[in-house]
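# Structure at a glance
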Amino acid sequence: MSTKMFIGNQWVGAASGRVIPCINPADEGEFDNMPAAGREDVDAAVRAARAAFDGGWKKSDPAVRAGLLRAFAGNIRADREGLAALETQDNGKPLAEALFDVDTAAQIFEMYADLAEQFEGWRGTDIKLPVDYLTSTVTYQPLGVVALITPWNFPIEQFTWKVAAAIAAGCACIVKPSEITSLTALALAELAEKSGFPPGVLNVVTGYGREAGEALVEHPGVDKVSFTGSTATGRRIMSLASATLKRVGLELGGKSPVIVFDDVNIDRAVEWVMFGAFVNQGQVCTSTSRLLLHESIAPAFLEKLKKGAEAIVVGDGSAEGVQMGPLSSAEHYAKVTGFIAAGFEEGAKLLTGGRRPAGLDRGYFIEPTVFTDVEPDMSIWRDEIFGPVLSVKTFSDEQEAIALANDSQYGLAATVLSQDTARAERVVDQLDAGITWQNCNQMVVMQAPWGGMKKSGFGRELGRWGMEAFLEVKQKTRWLPDAGLGWYRQPAP
């Protein structure tokens, strides 16, 4: 299965015959391969999606779409263990986290099944007009053929966020997963086929971003590109998409702050800070990798943070009790270790970590790492590392914390930890972030909008907002038959 792509409900290899090796990040061994699609393969996928969309899918009954989404959810649950094991092997994350991702995927497909059934109510929203001879209604229609380009850090979840919303809206999809972690996307395509998806409604094309990804973005038969990944790649996608003026939705990088005030329960706050920095090996777009710590509690907090970070069990994600797996690729391992080296060179103080864990001689493993004495001009403070590296800076008052938190090119997420509810609310309202948490961290509420500000991108995923991202809004205004022909009856502007 993993040596074929899914185009028009057919399993096919790349026209060139080229393949991409699949590497287990825990032992650096090749365990499978997948097609390296080129422009010819991408064109075949777009043609299949266009034929499905124009051939009737765009007029499909929302109840039919809901039934397919629920069937998909059921098949995901039935293959729960197999999908999670494959995700761990391909991505490196601990099996417990992979199982959570699979469970969440099923729940999201069910949520969008519900939203698809509610779609009829969206089709006719009347606008109250100050005249008696016109009516105006807002309606929605599926956007068309959409290219969904997903990242390597949450392969199953990101596939689900985009595909479930697009299918619920009535679009036809082409998924281009990351070449680092494509296998669960292909496994999910197999479940879509099993669930009864019509040919061409869902296609999965594997390949390199510079080849398959760019071919999708440039293709005139694609109506929208939804991309999750780095800010640099998002900028290139915008540039390429501008030639055909296609819609673009971007969920990009982050360098999110977590502000810890002096009234917290330190033990609980340390747990939230570690979760925000080290979950999924720190490979999280919303990772709260900038810790703003009130100076009065810094010594006690850092002592417990050091002890907690050093207690995290690092190893092969498939092994019992492992809490943090390897980074997902050799290239990314080199990038993260380069940032750690820069932290030393720039004068930050290492509190803990920064090395390969003892006994793990193969695989892309890094210890949970914490730097203190970090200044705002240091690269480890300003740049997205996307690894288990936490940078710490102290503050003395509320306004200083807000200023430091907002002093970033990114605006994806932010966390405030304080037992003073009014203060937490007040601070959150002043933070430049599309996603905020109070007294928790990295909580994904699938019914709520997800997306960022500034260079963290634009557009929203999840909830109703995720479905609206794949719909066109249309105005339907009608002159009432008994109003006569007097255009001059309209009030002067």
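Each chain has its residues counted from 1, following the order in which its sequence is written. Thresholds applied to this predicted model are a pLDDT of at least 70 for local features of residues and 80 or more for the giving and counting of side-chain atom pairs; totals over whole chains, interfaces and linings are not thresholded and use all residues. With hydrogens and water stripped out, all remaining heavy atoms of the structure feed into the side-chain values.

### Points about the environment of G353
Operational definition: Secondary structure elements follow DSSP: runs of H or I of four or more residues count as helices, runs of E of two or more count as strands, with numbering from the N terminus. Each residue's exposure class comes from its accessible area (1.4 Å probe, protein chains only) as a fraction of the maximum for that residue type: buried when under 20%, exposed when over 50%, partly exposed otherwise.
Positionally, G353 belongs in the loop between β14 (349-352) and β15 (369-372). Look at G353 and you get buried, because its relative accessible area is 2%. Between the C-alpha atom of G353 and that of E310, which follows or precedes it by 43 residues, the distance is 7.5 Å.

### Overview of helix α9 (residues 231-241)
Inclusion rule: Every residue pair with non-hydrogen atoms within 4.5 Å of one another is taken to be in contact.
Residues of α9 that are buried: T231, G234, I237, L240 and A241. At its buried positions, α9 is contacted by β7 (145-149), α8 (209-218), β10 (224-228), β11 (247-251) and β17 (410-411).

### Some thoughts on the pattern of salt bridges
Definition in use: Salt bridge criterion: a side-chain nitrogen from Lys or Arg within 4 Å of a carboxyl oxygen from Asp or Glu.
One pass over the full model with this rule turns up 27 salt bridges. Residue R50 is joined to D54 by a salt bridge in which the shortest nitrogen-to-oxygen separation is 3.6 Å. In this pair, R50 and D54 are both assigned in helix α1 (residues 39-54), 4 residues apart and thus about one turn of the helix distant. Across the salt bridge formed by D54 and K58, the nearest N and O atoms sit 3.8 Å from each other. For K58, a relative accessible area of 32% gives the class partly exposed. Each of R50, D54, K58 and D223 takes part in one network of salt bridges that share partners.

### What to know about the pairing of strand β12 (residues 257-260)
Put simply, the rule is: Between any two strands, pairing holds if DSSP finds at least two bridges.
Along β12, one buried face is formed by P257 and I259 and the opposite face, lined by V258 and V260, is buried too. As defined by bridge partners, β12 adjoins strand β13 (residues 290-294) across 4 bridges and the pair is classed as parallel. The residue of β13 that forms the bridge with I259 is L292. Across 3 bridges, β12 lies against strand β18 (residues 413-417) in parallel orientation.

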